[in-house]
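Next come the chains, spelled out residue by residue.
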Amino acid sequence: MEEAVVQSVLKGGYCNSLTQYSRFLTREVSIGDIPMGCLNPIRIQSMTTTDTMDTIATVEQTIRMVESGCEYVRITAPSMKEAENLANIKKELRSRGYHVPLVADIHFTPNAAEAAARIVEKVRVNPGNYADKKRFENIDYTQQAYQAELERIYKKFTPLVKICKEYGTAMRIGTNHGSLSDRIMSHYGDTPRGMVESAMEFIRMCEDLNYYNLVISMKASNTQVMVQAYRLLVETMVKEGMNYPLHLGVTEAGDGEDGRIKSAVGIGTLLEDGLGDTIRVSLTEDPEFEAPVAKALALRYEKRATETVKEEREQINIGQLPYNPFEYQRRHTDPVQHIGGHHHPVVMLDVSKENLKDPYFLASAGYKYSAGLDKYNMADQACDLVYLGDALPSFSFPGNLKQIYNYPTWLTLKDKTNCHPLISYKEFICTEVKDSYLNLVKVNPAEVEQIDAAALKDNSILVLETTASHGMAEQREFFVSLINKNITVPVIIKRDYAALSADDLMLYAATDLGALLTDGMGDGVWINAGHSIGLSLINSTSFGILQATRTRISKTEYISCPSCGRTLFDLQETTQMIRSRTDHLKGIKIGIMGCIVNGPGEMADADYGYVGTGPDKITLYRGKEVVKKNVNSANALNDLIDLIKEDGNWTESAK
């Protein structure tokens, strides 16, 4: 094994370093003319949404995908006829001068996989349904019976492996959280460990057959589950002397801003730790819009790899972390004014550059002002604190919105009701005049050794800043020190992105803040951006990150698949239709799936499901339970709403 892998073994962890950016070195896998893993760049891929039997439509969409940045293109092959038509698609692409490696997506049909493996450069198989049938049954296996099942799968899987070896075809063993087999679910439960073992069974079979041209993935719609599963996978592979490349993705991320933020939280968290050799951003949009998002995520780490580390910091011993990176548990803090403790993380915004003579600007922060009533209506995504610096407003702020001023300005305020100071740590411990309710104390990670918990007392929270290029790791190191010192002061994580576009701001902030929140670190977020970025986008991004990390639910969550050739209705149109009627149902999770493959399993933990089961036919789910089969699509949304009402989860929209 490579030295980097050995180092991870010695530390008992899932990555090379928690303090320095260091890409985890994996085996190189050949996929056509574009190798993956090892020292190769992070590769970009996506999946077609056309009918695989429509050769020209699939070819033309593939070309658009390649020109948008895709290096591998995946095409569904649900049966033999689609698998065989991959030859026509490949021939037409080659005749047009496109040599992009093609990947066949296989679920329930081993014979289609075997046919496709003779044609394309890579096949993707899902261990949960390649050789197992899923009936959501809990089966009590004896050790002997479980081994017998593995032997059955081995016999069914072996022909595909032999064909891949003969034709030089690569394989992705792609585990999905929502489609674990009944056998795995019965033995390990619906857990990241179950996802890992589902893949490891197939990896071990491949190695037993001396086949190593493998790529592995651990996808989930829940970003916490996804991150934990990949970490466990790396730890498990390393213990067994493996270092296969990783394909990263968040399934059913959704569309628009939500889909981009959710993808960045999951994918970016792993990229920060040097994990990931290829990525796919799964959006409910045309596939050519996915690659630019994935490229933007990957490019950040290409730049990171070439940066010179200015100063070596003491390494965190991964094997002695004071928290469990494979399970979510929020860092214990003592609450201060509804910040920290069991309270959800807060959102803080900088409004110091806004027109402080006009209360209407606060609509962008979630507070809509009514002049006639002289009052504010608060939205679900209303921020909790605003920073005014040294600027003084000429109107009254909402009573539940905390105003934060620079300490010297705060001292001059005659009425300090709901107004609190922001002060550096050095100044705070020296000054005698403090706010008896709430003090925001600025710190940078280098000051962690100086922090005296007794000096902060019961009315202070920390605002953690960083200017480091690998700022997430620096801030994480700070949190680790707080935990080790048993300092339970709440912390607001602050990040500045002055020179970024709106698109990059969403991706970078979701990565940097999401990575910490996913590990239970942080009691609030404060994103600063350049003048061209509107307050509304910063506010929605902040709440979007909290939603994507499952740390604060402020809106309806849509778990919608990105569409493919199996889809039985227009996913983009249907998602928008459902969203238009249900987006006021705060905290409800609705799965919108184009076919039964992405049905009850792939929805994972959705509360309700809307799944295509035939032309113009929809099946409705409550969790993973079928409630209504084969509903006409014209009536399906109304029936879904009736189901939500029946469960007492419906509220009328205030729109």
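It should be emphasised that the depicted structure is a prediction, and the values quoted were computed from it without experimental measurement.

This part takes up the overall build of the protein. Helix and strand counts for the protein come out as 19 helices and 23 strands. Its C-alpha radius of gyration of 26 Å places the protein within 12% of the 26 Å reference for a compact globule of 655 residues. For the protein, the spread of C-alpha atoms along the three principal axes comes to 80 × 60 × 55 Å. Contacts in the protein between residues far apart in sequence, at least 24 positions, make up 67% of those at least 6 positions apart. Of the side chains in the protein, 70 bear a positive and 85 a negative charge, and the two mean positions are spaced by 1 Å.

The next thing to look at is the packing of aromatic side chains. Inspection of every chain in the model, using the stated rule, returns eleven aromatic pairs. Between Phe-478 and Phe-479 the ring centres are 6.4 Å apart and the planes differ by 85 degrees, which places this aromatic pair in the edge-to-face class. Taken together, the aromatic side chains of Tyr-130, Phe-157 and Phe-202 make up a single cluster linked through ring pairs. A cation over a ring is seen here: Arg-300 above Tyr-508, with NZ or CZ 4.1 Å from the ring centre.

This part is about the confidence of the model for the protein. When pLDDT is averaged along the protein, the result is 89, and 91% of the positions lie at 70 or above. This model gives residues 1-11 a pLDDT under 50, and the stretch forms 22 contacts once residues within four places in sequence are excluded.

Turning our attention to the layout of surface pockets. In this model, the largest pocket occupies a volume close to 670 Å³. Along its surface, the largest pocket is lined by 26 residues, and Ala-379, Asp-380, Gln-381, Ser-554 and Asp-583 are the ones closest to its centre. Secondary-structure elements contributing two or more residues to the lining of the largest pocket are helix H10 (256-272), strand S10 (367-370) and helix H17 (535-548). Its residues placed into classes, the lining of the largest pocket shows five nonpolar, twelve polar and nine charged.

With that settled, consider helix H3 (residues 80-95). Taking 1.5 Å of rise per residue, the 16 residues of H3 would be expected to cover 22 Å, and the 24 Å separating its terminal C-alpha atoms lies within 8% of that figure. Three or more residues of H3 are buried, namely Glu-82, Ala-83, Asn-85, Leu-86, Ile-89, Lys-90 and Leu-93. Where H3 is buried, its residues contact helix H2 (55-67), strand S2 (72-76), strand S3 (102-106) and helix H4 (110-116). Among the residues trailing H3, Gly-97 stands out with phi positive, at a value near 90 degrees.

Strand order in the open sheet made by the eight strands is S6-S5-S4-S3-S2-S1-S8-S7, with parallel pairing throughout. Only two strands of the sheet have a single partner each, and these edge strands are strand S6 (214-219) and strand S7 (247-248). The pairing of strand S4 (residues 122-125) with strand S5 (residues 170-176) spans four bridges and is parallel. In the strand pairing of S5, Lys-122 is matched with Ala-170. Sheet contacts for H3: S2 and S3; angle to S3, the most-contacted strand, approximately 165 degrees.

Ordered by their spatial adjacency, eight strands build a closed barrel running S9-S12-S13-S14-S15-S16-S17-S18, and the pairing between neighbours is parallel. Neighbour-to-neighbour, the strand axes of the sheet open up by a mean angle of 25 degrees, direction not taken into account. Along the sheet, H17 contacts strand S9 (346-350) and strand S18 (524-529); its crossing angle with S9, the most-contacted strand, is approximately 160 degrees.

The next thing to look at is the side chain of Asp-277. By secondary structure assignment, the location of Asp-277 is in the loop between H10 and strand S8 (278-279). Taking relative accessible area as the criterion, Asp-277 reaches 1% and is therefore assigned buried. For Asp-277, the side chain forms a polar contact with the side chain of Thr-26, separated by 3.1 Å. Of the polar contacts made by the side chain of Asp-277, one reaches the backbone nitrogen of Leu-246; its length is 2.8 Å. If near-sequence neighbours (up to four positions away) are discounted, Asp-277 is found in contact with Arg-23, Thr-26, Met-36, Gly-37, Cys-38, Pro-41, Ile-42, Arg-43, Pro-245 and Leu-246.

Here we take up the nonpolar core. The nonpolar side chains of a soluble globular protein tend to be buried, and buried together. Of all hydrophobic cores here, the largest spans 159 residues; its most connected members are Phe-157, Leu-160, Met-171, Ile-216 and Leu-462. When residues no more than four places from it in sequence are discounted, the contact partners of Leu-462 are Val-441, Val-443, Ile-451, Leu-456, Phe-478, Leu-482, Val-489, Pro-490, Val-491 and Ile-492. If you look at the next biggest cluster of nonpolar residues, it comprises 18 residues, including Ile-578, Tyr-608, Leu-620 and Leu-637.

For the pair helix H6 (residues 143-167) and helix H8 (residues 192-208), interaxial distance at closest approach is 10 Å and the crossing angle is 55 degrees. With respect to H8, the element H6 is oriented oblique. In terms of crossing hand, the pair formed by H6 and H8 is right-handed. Contact residues: Tyr-146, Leu-150, Ile-153, Tyr-154, Phe-157 and Val-161 in H6; Glu-201, Phe-202, Met-205, Cys-206 and Asp-208 in H8. Class assignment for the residues of the contact of H6 with H8 results in nine nonpolar, no polar and two charged.

Let's shift gears to the environment of Asp-504. Positionally, Asp-504 belongs in helix H16 (residues 502-518). Here the alpha-carbon distance between Asp-504 and Ile-163, two residues 341 residues apart in the chain, equals 42 Å.

Before going further, it helps to spend a moment on the pairing of S9. In terms of residue burial, S9 counts as a mostly covered element, since four of its five residues are buried. The sheet contact formed by S9 and strand S12 (residues 385-389) spans three bridges and is parallel. When the sheet's bridge partners are listed, Leu-349 is paired in S12 with Val-386.

Here we take up the environment of Pro-421. If you trace the backbone, Pro-421 turns up in strand S14 (residues 419-424). Residue classification places Pro-421 among the buried positions, given a relative accessible area of 0%.

In the Ramachandran plot, Cys-38 falls in the positive-phi region, its phi being about 55 degrees despite a non-glycine side chain. For Cys-38, the position within the fold is in the loop between helix H1 (3-11) and strand S1 (43-47). The exposure class of Cys-38 is partly exposed, given its relative accessible area of 24%. Phi is positive for His-338, close to 65 degrees, though the residue is something other than glycine. Secondary-structure assignment places His-338 in the loop between helix H11 (290-306) and S9. Among the residues examined, His-338 registers a relative accessible area of 57% and is labelled exposed.

Moving on, we get to the state of the cysteines. What the rule picks out here adds up to zero disulfides. Cysteine Cys-164 shares no disulfide, and the gap to the nearest cysteine sulfur, in Cys-206, comes to 8.1 Å. Cys-164 gets classed as buried once you look at its relative accessible area, which sits at 1%. Left without a disulfide partner, Cys-383 is nearest to the cysteine sulfur of Cys-419, which lies 14 Å away. Given the relative accessible area of 0%, Cys-383 is considered buried.

About the criteria used
Residues numbered from 1 in each chain as written. Predicted model: local features only at pLDDT ≥ 70, side-chain atom pairs only at ≥ 80, totals over all residues. Heavy atoms only, no water. Helix = DSSP H or I, 4+ residues; strand = E, 2+ residues; numbered from the N terminus. Rg over C-alpha atoms; globule rule 2.2 N^0.38 Å. Contact = heavy atoms within 4.5 Å. Lys, Arg positive; Asp, Glu negative; His and termini not counted. Charge placed at Lys NZ, Arg CZ, Asp CG, Glu CD. Phe/Tyr/Trp six-rings, centres within 6.5 Å; stacked < 30°, edge-to-face > 60°. Lys NZ or Arg CZ within 6 Å of the ring centre and 35° of its normal. pLDDT = per-residue confidence, 0-100. 1 Å grid on protein atoms, 1.4 Å probe; cavity = no way out; pocket = protein on both sides within 12 Å on 5 of 7 lines; lining within 4 Å. Points joined across faces, edges and corners; volume = space filled by probe spheres on them. Nonpolar A, V, L, I, M, F, W, Y, C, P; charged D, E, K, R; others polar. Expected span 1.5 Å × (residues − 1). Buried < 20%, exposed > 50% of the residue type's maximum accessible area, 1.4 Å probe, protein only. Pairing = 2+ DSSP bridges. Axes fitted to C-alpha atoms, helices over the stretch in contact; angles between N-to-C directions. Polar contact = N/O pair within 3.5 Å; in protein donor to acceptor, adjacent residues only side chain to side chain. Core = buried A, V, L, I, M, F, W, Y, C linked by side-chain atoms within 4.5 Å. Parallel < 35°, antiparallel > 145°, perpendicular 65-115°, else oblique. Left-handed = near helix turned anticlockwise from the far one by under 90°. Disulfide = S-S within 2.5 Å.

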